[in-house]
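Listed below are the residues making up each chain.
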Amino acid sequence: AQTVTQSQPEMSVQEAETVTLSCTYDTSESDYYLFWYKQPPSRQMILVIRQEAYKQQNATENRFSVNFQKAAKSFSLKISDSQLGDAAMYFCAHDSGTYKYIFGTGTRLKVLA
Amino acid sequence: DVKVTQSSRYLVKRTGEKVFLECVQDMDHENMFWYRQDPGLGLRLIYFSYDVKMKEKGDIPEGYSVSREKKERFSLILESASTNQTSMYLCASSYMSSNTGELFFGEGSRLTVL
């Protein structure tokens, strides 16, 4: 069965510092997508970044980047120059094209001023 | 911008009541989803629909049903609400043929069953 594990229920980071959120997954598929979604307090969840499994290059979106290790089934999110607006729940997710996205349990990120 | 609108942000219902949660999207997405979000459990798929009048069970369909009579609207129905259905419910939509797989979410409906 496909699973997504986020082992850090909560993380804190000082404003302007860098933080890395961990995610591991298990799948028997060879082609799939991985995502990081952000859920700000009382606001809708939005896509932060996505990675296609067949692409070896790590995805980057401005201050957000991933470290995708396919063999290790690891997909961590790095946030550089953290801002107060980055405070949110972050969910890692996996999709193998079946529409049955599998989500992790989430990591709550606190940004300290 | 894609907009997914959930009709109620907060609801309080009594055990045994019938509950309707409505979701409307304005981007002509084929796929629509209902998730349940609970602390420590992440998001769990209740039902999804890939076309009008089509539906498929997700991981936790028990106690729920859905309706999709129009492409833009996907309703979640709790026939007889129970206290263990107290939760945050998230609606999402996506393109059928999207090569990005991105889900677009509504703001959520927080349901409390007393």
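Note: the structure precedes this text.
What you are looking at is a predicted structure, and each value in this text was computed from that prediction instead of being measured.

The rules behind the values
Residues numbered from 1 in each chain as written. Chains lettered and ligands numbered in written order. Predicted model: local features only at pLDDT ≥ 70, side-chain atom pairs only at ≥ 80, totals over all residues. Heavy atoms only, no water. Helix = DSSP H or I, 4+ residues; strand = E, 2+ residues; numbered from the N terminus. Rg over C-alpha atoms; globule rule 2.2 N^0.38 Å. Buried < 20%, exposed > 50% of the residue type's maximum accessible area, 1.4 Å probe, protein only. Contact = heavy atoms within 4.5 Å. Lys, Arg positive; Asp, Glu negative; His and termini not counted. Charge placed at Lys NZ, Arg CZ, Asp CG, Glu CD. Buried area = accessible area lost by both parts, 1.4 Å probe. Salt bridge = Lys/Arg side-chain N within 4 Å of Asp/Glu carboxyl O. Polar contact = N/O pair within 3.5 Å; in protein donor to acceptor, adjacent residues only side chain to side chain. Phe/Tyr/Trp six-rings, centres within 6.5 Å; stacked < 30°, edge-to-face > 60°.

(A) Structural view of the overall build of chain A. What chain A contains, in helices and strands, is 0 helices and 12 strands. Listing the helices and strands of chain A from first to last along the sequence gives β-β-β-β-β-β-β-β-β-β-β-β. Compactness check: chain A gives a C-alpha radius of gyration of 13 Å against a globular reference of 13 Å for 113 residues, within 12% of the reference. Projected onto the principal axes, the alpha-carbon positions of chain A cover approximately 40 × 30 × 20 Å. Looking at chain A as a whole, 48% of its 113 residues qualify as buried. Look at the contacts in chain A between residues 6 or more apart in sequence, and 54% of them connect residues 24 or more apart. Between the averaged position of the 11 positive side-chain charges in chain A and that of its 11 negative side-chain charges there is a distance of 3 Å.

(B) Representation of the environment of P39 of chain B in the model. Counting through the fold element by element, P39 of chain B comes out in the loop between strand 4 (31-38) and strand 5 (42-51). Distance in space between the C-alpha atoms of P39 of chain B and M88 of chain B is 9.5 Å, their sequence separation being 49 residues.

(C) The arrangement of the interface of chain A and chain B in detail. At the junction of the two partners, chain A supplies 18 residues and chain B supplies 23 residues. Of the roughly 1,900 Å² buried between chain A and chain B, counting both surfaces, carbon and sulfur atoms make up 53%. At the boundary of chain A and chain B, one finds 1 salt bridge. Among the salt bridges present, the one from E102 of chain B reaches R50 of chain A, with a minimum N-O distance of 3.6 Å. Linking chain A with chain B are 4 residue pairs in polar contact (both at pLDDT 80 or more), by the criterion used here.

(D) Spatial organisation of the pattern of salt bridges. Counting across every chain of the model gives 12 salt bridges over all chains. Through salt bridges with shared partners, a single ionic network connects R36, D38 and R44 of chain B.

(E) How the structure looks around the packing of aromatic side chains. Taken as a whole and assessed by the stated rule, the structure comprises 15 aromatic pairs over all chains. On the numbers, 6.2 Å between centres and 35 degrees between planes, the contact of Y33 of chain A with F35 of chain A is tilted. Accessibility assignment for this pair places Y33 of chain A and F35 of chain A in one class, buried. Residues Y35 of chain B and F105 of chain B carry aromatic rings whose centres are separated by 6.2 Å and whose planes lie at 45 degrees to one another, so their mutual orientation is tilted. Note that Y35 of chain B is positioned in strand 4 and F105 of chain B in strand 10 (residues 104-105), a separation of 70 residues in sequence. Just as Y35 of chain B is buried, F105 of chain B falls in that class too. Feature note: the residues Y33, F35, Y37, Y101 and F103 of chain A together with F33, Y35, F48 and F105 of chain B constitute an aromatic cluster, connected by ring pairs.

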